[in-house]
Amino acid sequence: MQSGEKSVLLLVSGSIAAYKAADIASKLVQSGVKVYTALTDSAAQFIGAATFTGITGLPTLTSVFDEPFEGKMSHIHLPQNVDLVLAAPATANLIARFTQGIADDVVSTMLLAATSPVLIAPAMNSAMWDQEATQESVRTLKQRGVHFVEPAPGHLACGTEGQGRLATTDDIMEAVNRLLYPRLDLAGVPILISVGATREPIDPVRFISNRSSGKMGFALAEAARDRGAIVTLVKGHTEVDPPTGIEIIPVETIAEMLKAVEQAIGPAQVFISAAAPADFEPIPAEQKIKKSGTDGVTLQLNPAPDILKSIAPLAEGKVIIGFAAETENLEEYALQKLKAKNLNFIVLNDVTAPGSGFGTDTNAVTLLFPDGEKRVYPTQSKRKVAEIILDEVVGLVG
Ligand code: PMT
């Protein structure tokens, strides 16, 4: 904990993925970080303290009564003086105990005592991850400012498939580095982002919508927030929780989304239109349409206002970025939108490709620029795609 040298307290709990914590410790040490480690009793069943001591060159704590650093009460001093507390893997049990403020071993005590930023990398059976109890804890901890690296989907040690695998060491290292070395290249820049789907009522009980989950827009909002931007979200219907620390203007219909963007764009230096607003809207019936006595129903869909085109007069001097969600003639259609909507650039995603577009945690995008420049990126997490988009924004806001 000398000035200039970064330090991480690695807390390991009892998951089969505990062996991966050794790799994380090793990568941290190789990147010049000083690593302190503590194990729960269950973690110690999976991997020995000697492994971490060997990798980090520092004593590994397994009890609150371990006092390997002279004159320091380690279970309090370490979580309050390192640059980051990393719980990886964190079991459902550890997450629940941390949420409830239970400190009954060295790891949970250190989490409760932590005043340094905390990053949690969960690992567990997918049913345990999906449990409302766990999700509620994760939501609560996020609201309290705790950071998470979401578990990945895939094969689990218990033989099932689902979300619950410890995130990859690369993804954990990326999240650690974001927190250890924050990039504040958008500090103070006001950014407006639209996210999610609009819902256009057919009658008082039915609506037309689309498959946008909000993941892409939220990834952008979170990444912009972490880079110091002042983020405002105009949020349609979404399937996942929004990031914390961001002003949110909730809307339902395209008309509401247009009005909200018109009202919020004034102070914004950048507008990123990641939402999937309706292109067509029905004229809603006043009462529920009855099925009895009808052979079927014909809906008339009228063109909906185009938000990006409508706000053009308010967008003078601002950086405006659109997305193109295409299923065919990808580049041709995206280039038409880039021009018609007068954008600084457009993010084309093939919404039929596996792992890309609606609802997925990953996206495969191509950035198209007005001067004909084209940049193609492989499928990667929406967070990484968001960072790529924001790298371009940094260049445009000067
Ligand atoms: O939310 P996720 O599940 O993570 O999915 C992400 C996404 C696929 C929704 C996102 O990556 C995306 O592509 N968003 C744009 C969806 C869309 O409406 O695409 P479009 O090609 O129909 O529209 C082109 C651009 O015009 C978009 O920036 C859109 O926000 C905007 N638009 C569209 C309709 C409309 N009435 N007004 C608009 O301004």
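Everything numeric in this text was worked out from a predicted model, so none of it was measured.

Reading the values: the criteria
- Residues numbered from 1 in each chain as written.
- Predicted model: local features only at pLDDT ≥ 70, side-chain atom pairs only at ≥ 80, totals over all residues.
- Heavy atoms only, no water.
- Core = buried A, V, L, I, M, F, W, Y, C linked by side-chain atoms within 4.5 Å.
- Buried < 20%, exposed > 50% of the residue type's maximum accessible area, 1.4 Å probe, protein only.
- Helix = DSSP H or I, 4+ residues; strand = E, 2+ residues; numbered from the N terminus.
- Contact = heavy atoms within 4.5 Å.
- Phe/Tyr/Trp six-rings, centres within 6.5 Å; stacked < 30°, edge-to-face > 60°.
- Salt bridge = Lys/Arg side-chain N within 4 Å of Asp/Glu carboxyl O.
- Near = heavy atom within 4 Å.
- Polar contact = N/O pair within 3.5 Å; in protein donor to acceptor, adjacent residues only side chain to side chain.
- Areas by Shrake-Rupley, 256 points an atom, 1.4 Å probe, with all protein chains shown as cover.
- Pairing = 2+ DSSP bridges.
- Axes fitted to C-alpha atoms, helices over the stretch in contact; angles between N-to-C directions.

Novice: How would you summarise the nonpolar core if you had to cite specific residues and measurements?
Specialist: One finds Ile-191, Leu-220 and Ile-272 to be the most contacted residues of the largest nonpolar core, which totals 33 residues. It is helix H10 (residues 215-226) that provides the largest number of residues to this core, a total of seven residues. Every residue in contact with Ile-191, bar those within four places of it in the chain, is listed here: Leu-186, Ala-224, Ala-229, Ile-230, Val-231, Thr-232, Val-270 and Ile-272.

Novice: Which residues make up the environment of Ala-17, and what are the values?
Specialist: By the secondary structure assignment, Ala-17 is in the loop between strand E1 (7-12) and helix H1 (18-30). Expressed as a C-alpha distance, the spacing of Ala-17 and Ala-340, which sit 323 residues apart in the sequence, is 50 Å. Sequence-distant contacts of Ala-17, defined by excluding residues within four places in its chain, comprise Pro-89, Ala-123 and Leu-166.

Novice: Account for the packing of aromatic side chains, with residues named and values stated.
Specialist: A complete count under the given rule lists two aromatic pairs for this structure. Ring plane angle 80 degrees and centroid distance 5.5 Å describe the contact between Tyr-36 and Phe-69, whose orientation is recorded as edge-to-face. Residue Tyr-36 is found in strand E2 (residues 34-39), and its partner Phe-69 is found in the loop between strand E3 (60-61) and helix H4 (74-81); the two are separated by 33 residues along the sequence. Here Tyr-36 and Phe-69 have matching classes, each one buried. Ring geometry for Phe-345 and Phe-369: centres 5.2 Å apart, planes at 35 degrees, overall tilted.

Novice: Give a description of the pattern of salt bridges that names residues and reports values.
Specialist: Counted under the stated rule, the structure contains 26 salt bridges. The partner of Arg-97 in a salt bridge is Asp-105, with the nearest N and O atoms 3.4 Å apart. Residue classification places Arg-97 among the buried positions, given a relative accessible area of 10%. Across the salt bridge formed by Arg-139 and Glu-132, the nearest N and O atoms sit 2.5 Å from each other. Classification of Arg-139 by relative accessible area gives partly exposed; the value is 25%. Judged by its relative accessible area of 45%, Glu-132 is partly exposed. The network of salt bridges with common partners includes Arg-183, Asp-185, Glu-222, Arg-225, Asp-226, Arg-227, Arg-383, Glu-387 and Asp-391.

Novice: Please provide a residue-by-residue account of the site of the ligand, values included.
Specialist: In the vicinity of the ligand, 29 residues are found, and the nearest of them are Ser-212, Ser-213, Lys-337, Asn-349 and Gly-359. In this structure, Ser-212 approaches the ligand through a side-chain N or O atom, which is 2.6 Å from an oxygen atom. When the ligand is considered free in solution it has 770 Å² of accessible area, and contact with the protein chains removes 97% of it. Elements with a minimum of two residues in the shell around the ligand: H10, helix H12 (307-310) and strand E17 (319-326). Among the elements that make up the shell around the ligand, the one with the highest residue count is E17 (four residues).

Novice: Explain unusual backbone geometry to me, using residue names and the numbers behind them.
Specialist: Put simply, Ala-88 and Pro-89 share a cis peptide bond, and its omega is -10 degrees. Counting through the fold element by element, Pro-89 comes out in strand E4 (residues 84-90). If you check the backbone angles, Asn-329 has positive phi at about 40 degrees while not being a glycine. We classify Asn-329 as partly exposed; its relative accessible area is 38%. Unlike most non-glycine residues, Asn-342 shows phi in positive territory, near 55 degrees. Relative to the elements of secondary structure, Asn-342 occurs in the loop between helix H13 (330-340) and strand E18 (345-350). Asn-342 gets classed as exposed once you look at its relative accessible area, which sits at 63%.

Novice: Lay out the sheet that holds strand E14 (residues 270-273) in plain terms, naming residues and giving numbers.
Specialist: Spatially, the eight strands line up as an open sheet ordered E13-E12-E9-E14-E17-E18-E20-E21, and their pairing is mixed. Of all the strands in the sheet, the pair left with one neighbour each is strand E13 (247-250) and strand E21 (374-376). Mean inter-strand twist for the sheet, computed between neighbouring axes without regard to direction, equals 15 degrees. As defined by bridge partners, strand E9 (residues 190-195) adjoins strand E12 (residues 230-235) across six bridges and the pair is classed as parallel. Across the sheet, residue Leu-192 finds its bridge partner in E12, namely Thr-232.

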